[in-house]
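Chain by chain, the residues:
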Amino acid sequence: MYVCMCHAVTEDQVKKAIDGGANTPRQIAKGCRAGTDCGSCVRRIQALLGEHGARPCPTARLAAKLGLADPEDPAAPSALAPEAAPVVPLRVTRANRAA
């Protein structure tokens with residue numbers, strides 16, 4: 001399966017780069033140019049890095065540090081769903097009235 005359509009890089013090529021010691025999308029890009037054109041494959045490359053024990057992307061580390069739900073875990077509550085904010089009535093005073 002292709003990971004990077006721009007440079008015709010397959011999942012197997014990315015896995016071989018990871019097995020060869022690549023730990024970041026930038027290191028993978030140095031070897032096969034995946035992720036250097038349109039960038040749509042970078043998330044898949046990050047996922048492959050995570051699946052193969054490489055360092056997770058900064059966003060995943062930050063989410064773990066903040067205790068947010070894993071976006072890949074369907075059982076976890078959504079960290080992006082906002083709670084209902086209380087409604088505060090607007091009070092108009094002479095100082096903030098339009099002249």
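Refer to the structure presented above.
Figured I'd write up the structure that's included with this text. (Residues numbered from 1 in each chain as written. Predicted model: local features only at pLDDT ≥ 70, side-chain atom pairs only at ≥ 80, totals over all residues. Heavy atoms only, no water.)

**A short note on helix α3 (residues 42–51)**
And then number 1: Among all positions of α3, only Ile45, Leu48 and Leu49 are buried. Down the axis of α3, the smallest arc covering the buried residues is 100°, so these residues share one side. With respect to the buried face of α3, the exposed residues turned more than 90 degrees away are Arg43 and Glu51.
And then number 2: Looking at the buried residues of α3, the elements they touch are β1 (2–4), α1 (11–19) and α2 (25–32).
And then number 3: Phi for Gly53, located one or two positions after α3, is positive at around 80°. (Buried < 20%, exposed > 50% of the residue type's maximum accessible area, 1.4 Å probe, protein only. Helix = DSSP H or I, 4+ residues; strand = E, 2+ residues; numbered from the N terminus. Arc of directions from axis to C-beta. Contact = heavy atoms within 4.5 Å.)

**Observations concerning unusual backbone geometry**
And then number 1: Unlike most non-glycine residues, Ala8 shows phi in positive territory, near 50°.
And then number 2: Within the secondary structure layout, Ala8 lies in the loop between β1 and β2 (9–10).
And then number 3: Although it is not a glycine, Arg33 adopts a positive phi angle of roughly 70°.
And then number 4: The residue Arg33 is located in the loop between α2 and α3 in this model.

Distances and angles like these do not, on their own, reveal function.
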